Amino acid sequence: MRLTQCQNFHDFRRMARQRLPGPIFNYIDGAADDETTYRRNTDAFEACDLVPDVLRGVAQVDMSVTVMGQKLALPVYCSPTALQRLFHHDGERAVAAAAGKFGTMFGVSSLGTVSLEEARQISGGPQVYQFYFHKDRGLNREMMARAKTAGVQVMMLTVDSITGGNRERDKRTGFAIPFRLNLAGIAQFAAKPAWALNYVTHERFRLPQLDTHVDMGGGAMSISRYFTDMLDPAMNWDDVAAMVAEWGGQFCLKGIMSVEDARRAVDIGCTGIVLSNHGGRQLDGSRSAFDQLAEIVDAVGDRIDVMMDGGVQRGTHVLKALALGAKAVGLGRYYLFPLAAAGRPGVERALDLMRIEIERAMKLMGCQTVADLQRRHLRFR
Ligand SMILES: Cc1cc2nc3c(=O)[nH]c(=O)nc-3n(C[C@H](O)[C@H](O)[C@H](O)COP(=O)(O)O)c2cc1C
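Residues numbered from 1 in each chain as written. Predicted model: local features only at pLDDT ≥ 70, side-chain atom pairs only at ≥ 80, totals over all residues. Heavy atoms only, no water.

In the nomenclature of an unreviewed UniProt entry, the protein chain is known as 4-hydroxymandelate oxidase of Achromobacter deleyi. Its UniProt record gives the protein chain a comment under Cofactor (unreviewed entry), which states: "FMN". Entered under Sequence similarities (unreviewed entry) in the UniProt record, the comment concerning the protein chain runs "Belongs to the FMN-dependent alpha-hydroxy acid dehydrogenase family." (UniProt positions renumbered as here; feature names shortened; annotations may be inferred.)

Below is the structure:
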């Protein structure tokens, strides 16, 4: 399969599956427990229909939005994801460059494989630093100071990962960092020699955000042990309030779902929240962000920027979320499969297809600007 044959999410996913060793494909594609939340994330968009206006003079369409003080040319951004150089040797470099080209925002994960400083130099677009809260408060402060020095515009604290989700596909393959593959996993790596060749002929795999704290080489600290040993399950609202004050800029919480928590985020001075269930990878059975969106927008939408992610595969999904009041929509696997399939050209093609789909759908909906999209354009079945 070739990149030019990829027309949508499913095509990119198929191409990524052909290229990646099974354990890595399943790490991206998988989710927690029975993966019910993962499935619902996309299905939720089918719960309502778009009701278009016509004859609205849509020769020019402006897709830009302003979210957390950042002007984005598109109402979608690349949500932070871990370990991107495992998926393609260019990893975050490819995503940062593609996001910059399309004038949108991208996130670098604490578990990113390219340094946030390097990503900042590659992309002209606004950058999010996705942060986990460590037991070591000094480390938290150090990481925020580092992000500030690098010129990161938005701090994003992930709050839905207080403990690791139950990813049974990874247990079956033995996927872990450092690799601890079982026999079946090793066989699947052997079946994809092109990936293996790229992996060994490019620079060593690193986690530059955590380099000095997590030893990947000797197998001393795996990612799951990073979660259990270094992150602080005692984190509470007071801890986060202190971080928000210390950062003193755009700060959002990723993984808020309840109205109660959304109000608290406003109270402690956050400028944004992302409704998210981590792509179904954490609490299986939790509600989808799209299902929960209207309730949250109604409660706090006039005081804080509400974003959402999870299951977005189409421009029309984005339009539905915007119509309910989301300020912008995060993409996860939508750009990860293209990254795995073809690196930077893959991510660029995916973002371009998304741009074309959003523009076309806005025209067909009779909307010149994102602000024209209203609740009245949606009817729930
Ligand atoms: C492979 C993978 C790695 C991820 N790594 C992180 C991470 O390091 N930090 C984080 O906050 N979210 C992470 N996420 C969650 C995404 O940021 C986003 O919330 C999710 O992918 C959205 O769902 P979608 O993939 O259906 O679009 C990850 C998701 C995937 C698929």
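**Overview of empty space enclosed by the protein**
Taken as a whole, this structure holds two cavities of 30 Å³ or more when the rule is applied. Estimates place the volume of the largest cavity at around 60 Å³. In terms of lining residues, the largest cavity is bounded by Tyr132, Phe133, Thr158, Ser161, Ile162, Leu231, Asp232 and Met235. Taken together, the residues that form the lining of the largest cavity break down as five nonpolar, two polar and one charged. Taken together, Arg85, His89, Asn198, Tyr199, His202, Glu203 and Phe205 form the lining of the second largest cavity. When grouped by side-chain class, the residues that make up the lining of the second largest cavity number two nonpolar, three polar and two charged. (1 Å grid on protein atoms, 1.4 Å probe; cavity = no way out; pocket = protein on both sides within 12 Å on 5 of 7 lines; lining within 4 Å. Points joined across faces, edges and corners; volume = space filled by probe spheres on them. Nonpolar A, V, L, I, M, F, W, Y, C, P; charged D, E, K, R; others polar.)

**Digging into helix H5 (residues 91–101)**
For an α-helix, 3.6 residues make a turn, and residues three or four places apart therefore share a direction. Among the 11 residues in H5, nine count as buried, and that is most of the element. Along H5, the positions that sit buried rather than exposed are Gly91, Glu92, Arg93, Ala94, Val95, Ala96, Ala97, Ala98 and Ala99. Where the residues of H5 are buried, they touch strand E4 (76–78), helix H4 (84–87), strand E5 (106–108), helix H6 (116–122) and helix H16 (333–364). Following H5 by one or two positions, Gly103 adopts a phi angle in the positive range, close to 65 degrees. (Buried < 20%, exposed > 50% of the residue type's maximum accessible area, 1.4 Å probe, protein only. Helix = DSSP H or I, 4+ residues; strand = E, 2+ residues; numbered from the N terminus. Contact = heavy atoms within 4.5 Å.)

**Digging into the packing of helix H15 (residues 315–324) against H16**
Taken N-terminus to C-terminus, the directions of H15 and H16 make an angle of 55 degrees; their axes are 8 Å apart at the nearest point. On the basis of their axis angle, the class for H15 and H16 is oblique. H15 and H16 meet at a crossing whose hand is right-handed. Contacts from Gly315, Thr316, Val318 and Leu319 in H15 reach Met354, Glu357, Ile358, Ala361 and Met362 in H16. For the contact of H15 with H16, the per-class residue count stands at six nonpolar, two polar and one charged. (Axes fitted to C-alpha atoms, helices over the stretch in contact; angles between N-to-C directions. Parallel < 35°, antiparallel > 145°, perpendicular 65-115°, else oblique. Left-handed = near helix turned anticlockwise from the far one by under 90°.)

**Focus: the side chain of Ser161**
Take Ser161: it is sitting in the loop between strand E7 (154–158) and helix H8 (168–173). Taking the relative accessible area as the measure of exposure, Ser161 reaches 6% and is therefore buried. Of the polar contacts made by the side chain of Ser161, one reaches the side chain of His278; its length is 3.3 Å. Residues within four places of Ser161 in sequence aside, it is in contact with Tyr132, Phe227, His278 and Gln282. (Polar contact = N/O pair within 3.5 Å; in protein donor to acceptor, adjacent residues only side chain to side chain.)

**Description of the pairing of strand E11 (residues 328–331)**
Neither face of E11 is left uncovered, since the one carrying Ala328 and Gly330 and the one carrying Val329 and Leu331 both have all their residues buried. Where E4 meets E11, three bridges bridge the pair, whose relative direction is parallel. Across the sheet, residue Tyr77 finds its bridge partner in E11, namely Gly330. Note: strand E10 (residues 305–309) against E11, three bridges, orientation parallel. (Pairing = 2+ DSSP bridges.)

**Quick notes on the layout of surface pockets**
Space left empty within the atom packing is revealed by a probe, the size of a water molecule, rolled over the atoms. Quantified by volume, the second largest pocket comes out at close to 350 Å³. Along the walls of the second largest pocket sit 18 residues, with Val159, Asp160, Gly255, Ile256 and Asp261 positioned nearest its centre. Those elements that place two or more of their residues in the lining of the second largest pocket are helix H12 (237–247) and strand E8 (250–256). Residue composition of the lining of the second largest pocket, grouped by class: nine nonpolar, seven polar and two charged.

**Overview of the pairing of strand E6 (residues 127–131)**
Counting buried positions along E6 yields five of five residues, so the element is predominantly enclosed. Every second residue of E6 is oriented toward a common face, with Gln127, Tyr129 and Phe131 on one face and Val128 and Gln130 on the other, all of them buried. Across three bridges, E5 lies against E6 in parallel orientation. In the strand pairing of E6, Val108 is matched with Tyr129. Once you follow E5 into H6 and on to E6, the crossover reads as right-handed. Regarding the hand of the β-α-β motif, the stretch spanning E6, helix H7 (residues 137–150) and E7 is right-handed. (Right-handed = clockwise from strand over helix to strand, strands pointing away.)

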